[in-house]
Amino acid sequence: MTDPSAVRPIEDGVATDLRGEMTYAGYLQLPTLLAAQQPVSDHHDEMLFIIQHQVTELWLKQLIHELRSAISLVEADDLSPALKRLARVKTIQRQMFEQWSVLATLTPVEYVQFRDDLGKASGFQSPQYRTVEFLLGNKNPAMIAVFDHDPVLRDALLADLASPSIYDAFLGFLARRGHEVPAAVLERDLAQPYVADAGVTEVLRRVYADPDTHWDAYEMCEELVDVEESFQLWRFRHLKTVERIIGFKRGTGGSSGVHFLQKALELTFFPELRDVRTHL
Ligand code: HEM
Ligand SMILES: N[C@@H](CC(=O)c1ccccc1NC=O)C(=O)O
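Please read these numbers as outputs of a predicted model, since none were measured by experiment.

Enquirer: How do you make sense of the overall build of the chain when you look at a structure like this?
Expert: Along the backbone of the chain there are 14 helices and zero strands. From first element to last, N terminus to C terminus, the chain shows the α and β order α-α-α-α-α-α-α-α-α-α-α-α-α-α. Expressed as lengths along the three principal axes of its C-alpha atoms, the size of the chain is roughly 75 × 55 × 35 Å. Counting all 280 residues of the chain, 20% fall into the buried class. For the chain, the proportion of contacts with a sequence separation of at least 24, taken over those separated by at least 6, is 67%.

The following block contains the structure:
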């Protein structure tokens, strides 16, 4: 008799004749997905570098999918399902944070062997990363310039730059609920950086002063604070990974490197959600 701890027999019901059927590899388009890892050097560790980035890009795609839906739901005053979307966003952000530990196994000695082969390529040119930043409200038209070489991409990003972020959508919701969101905020040029407004802080102060009356808005506020914190944690982990791998070298994208990344930690998506805490 075969040792059951050595062999698991296939059960009779297991489908093995898959001609003309939907299959695992077909459904997931694995030939396409797995043909997309094409190292430009012959260094062993470049595969990790590529896969780490590609996995991040896949999660960014899912974040965009969830955030776009959350924005539409808030615009339709349907906060409960929007909160569900953001709960998922947070779990994806946790994955993206944890993922840095894999890349941290790449040593400076290993990376320097294929870094020159990357030319001017840099994460700064990630269209999906920039889209997520725009959807969360970090609007900065200067970020578009690196996409000028690709007009289709540039126009898609310009559209997101000029569309309401999740915060714009939420402030619109609060206004429809009767809160005194200043007109200057509601009518602002969406393609420009968001500027904190004391009137919005006051609206949020009222929400936080009486959570029972404003429960869905209150929940949304705290969910946004969580998403922002998770985003900052990702930025910080990127910075620390960069520091341990390239120290204070300039970036391939042309920036000063770590110093430039440090500046992003001063940015905030939802300034009044930070400010309101001082007044509670
Ligand atoms: C060895 C690993 C890495 C190094 C040394 C590195 C280095 C850098 C540097 C120096 C910059 C500043 C722009 C420049 O001048 O190039 C940058 C930006 C960026 N990197 Fe990385 N990076 C690494 C891995 C990653 C990974 C895995 C991702 C995931 C997609 C990523 C995404 C980004 C993004 C989105 C930016 C733009 C950040 C912003 O605009 O604030 N990087 N990186
Ligand atoms: N900016 C990095 C290079 C780099 O990390 C990179 C290169 C090509 C594609 C994505 C990258 N990731 C993040 O910046 C560097 O200066 O070494």
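Enquirer: What am I meant to see in the site of ligand 1 here?
Expert: By nearness alone, 24 residues border ligand 1, and Ser122, Gly123, Gly251, Gly253 and Ser255 come closest of all. At the level of elements, helix 3 (46-75), helix 12 (215-246) and helix 13 (258-264) are the ones that each hand at least two residues to the shell around ligand 1. In terms of residue count, helix 12 provides more of the shell around ligand 1 than any other element does, five residues in total.

Enquirer: Looking at this model, I keep getting lost on the UniProt feature "binding site: substrate" (unreviewed entry) in the chain. Mind explaining?
Expert: The UniProt entry lists Phe49, Ile50, Ile51, Gln52, His53, Tyr111, Arg115 and Thr252 under the feature "binding site: substrate" (unreviewed entry), expressed in the numbering used here. In this structure, Gln52 sits in helix 3. Look at Gln52 and you get partly exposed, because 16 C-beta atoms sit within 10 Å. Beyond its immediate stretch of four places on either side in the chain, Gln52 contacts Gln99, Val102 and Leu103. Mapped onto the secondary structure, Thr252 falls in the loop between helix 12 and helix 13. Look past the residues within four positions of Thr252 in its chain and what remains in contact with it is Leu118, Gly119, Lys120, Ala121 and Ser122.

Enquirer: Looking at this structure, I do not really get the packing of helix 3 against helix 4 (residues 79-98). What am I missing?
Expert: A pair of packed helices is captured by two measures, namely the crossing angle of their axes and the spacing between those axes. Between helix 3 and helix 4, the shortest axis-to-axis distance is 8 Å and the interhelical angle comes to 165°. When the interaxial angle is binned, helix 3 and helix 4 end up roughly antiparallel. Relative to helix 4, the crossing made by helix 3 is left-handed. Each of Thr56, Trp59, Gln62, Leu63, Glu66, Leu67, Ser69, Ala70, Leu73 and Val74 in helix 3 lies in contact with helix 4, whose residues at this interface are Leu79, Pro81, Ala82, Arg85, Leu86, Arg88, Val89, Ile92, Gln95 and Met96.

Enquirer: Would you take a moment to explain helix 9 (residues 166-176) for this structure?
Expert: Three or four residues apart is the spacing at which side chains of an α-helix point the same way, because the helix has 3.6 residues per turn. For helix 9, the buried fraction is high: eight of the eleven residues fall into the buried class. Within helix 9, burial applies to Ile166, Tyr167, Asp168, Ala169, Phe170, Leu171, Phe173 and Leu174. Looking at the buried positions of helix 9, the neighbouring elements they touch are helix 3, helix 7 (127-136), helix 10 (183-186), helix 11 (198-209) and helix 12.

Enquirer: Can you help me understand the nonpolar core in this one?
Expert: Burial of nonpolar side chains together is a common tendency in soluble globular proteins. Counting residues in each nonpolar core, the largest one holds 38 residues, and the members touching the most others are Leu67, Ala70, Val74, Ile166 and Phe170. If you list the elements that add at least two residues to this core, you get helix 3, helix 4, helix 7, helix 8 (151-161), helix 9, helix 11 and helix 12. Per-element accounting of this core gives the leading share, seven residues, to helix 9. Setting aside anything within four residues of it in sequence, one finds Val74 in contact with Leu79, Ala82, Ile166, Ala169, Phe170 and Phe173.

Enquirer: Can you help me understand the UniProt feature "binding site: heme" (unreviewed entry) in the chain in this one?
Expert: Mapped onto the present numbering, the UniProt feature "binding site: heme" (unreviewed entry) falls on His238. Structurally, the position occupied by His238 is in helix 12. The class of His238 is partly exposed, set by 18 C-beta atoms lying within 10 Å.

Parameters at a glance
- Residues numbered from 1 in each chain as written.
- Chains lettered and ligands numbered in written order.
- Predicted model: local features only at pLDDT ≥ 70, side-chain atom pairs only at ≥ 80, totals over all residues.
- Helix = DSSP H or I, 4+ residues; strand = E, 2+ residues; numbered from the N terminus.
- Buried ≥ 20, exposed ≤ 12 C-beta atoms within 10 Å, placed from the backbone.
- Contact = placed C-beta atoms within 7 Å.
- Near = placed C-beta within 6 Å.
- UniProt positions renumbered as here; feature names shortened; annotations may be inferred.
- Axes fitted to C-alpha atoms, helices over the stretch in contact; angles between N-to-C directions.
- Parallel < 35°, antiparallel > 145°, perpendicular 65-115°, else oblique.
- Left-handed = near helix turned anticlockwise from the far one by under 90°.
- Core = buried A, V, L, I, M, F, W, Y, C linked by C-beta atoms within 7 Å.

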